[in-house]
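Single-letter residue listing:
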Amino acid sequence: MNIYICVGSSCHLKGSYDIIELMKKAISEHHLEDKIILSASFCLGRCTDGVSVKINSDIVCGVSKDNFTEFFNSNILTKF
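So, here's what we can say about the structure.

About the criteria used
Residues numbered from 1 in each chain as written. Predicted model: local features only at pLDDT ≥ 70, side-chain atom pairs only at ≥ 80, totals over all residues. Heavy atoms only, no water. Buried < 20%, exposed > 50% of the residue type's maximum accessible area, 1.4 Å probe, protein only. Helix = DSSP H or I, 4+ residues; strand = E, 2+ residues; numbered from the N terminus. Pairing = 2+ DSSP bridges. Core = buried A, V, L, I, M, F, W, Y, C linked by side-chain atoms within 4.5 Å. Axes fitted to C-alpha atoms, helices over the stretch in contact; angles between N-to-C directions. Contact = heavy atoms within 4.5 Å.

Right, let's talk about the pairing of strand β3 (residues 51-55) for a bit. A large share of β3 lies buried, amounting to four of its five residues. The pairing of strand β1 (residues 2-6) with β3 spans three bridges and is classified as antiparallel. Bridged to I5 within β3 is V53. As paired elements, β3 and strand β4 (residues 58-63) share four bridges and run antiparallel to each other. Each bridged residue has a counterpart across the sheet, and for K54 the counterpart in β4 is I59.

Structure below.
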């Protein structure tokens, strides 16, 4: 699985660094290091919708520290 977290200006200001750190931690806690390639990405084109995360070819917008666990469980863990 390829995961790209937007680090463009708008997403950066909305907390993309925090999402990257949460993602690294969650991947490690669930022992998915060999199944997920985590990368940063410049603008995914959804600047007004909050931090954007691309999972393979699907884009999920509005990811935050507050909803990260729900996002991870429903969009990533369910795929394994």
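A few words now on the nonpolar core. Ranked by size, the top nonpolar core spans 18 residues in total, and within it I5, M23, V53, F68, F71, F72 and I76 carry the most contacts. Secondary-structure elements contributing two or more residues to this core are β1, α2 (16-29), β3, β4 and α3 (68-75). The greatest single-element share of this core, amounting to five residues, is contributed by α2.

Strand order in the open sheet formed by four strands is β2-β1-β3-β4, with mixed pairing between adjacent strands. Each edge of the open sheet is held by one strand with a lone partner, namely β2 (37-41) and β4. Ignoring which end each strand starts from, the neighbouring axes of this sheet average 25° apart. Docked against the sheet, α2 engages β1, β2, β3 and β4, running at close to 155° with respect to β1. Of the strands in this sheet, β3 and β4 are in contact with α3, which crosses β4 at around 165°.

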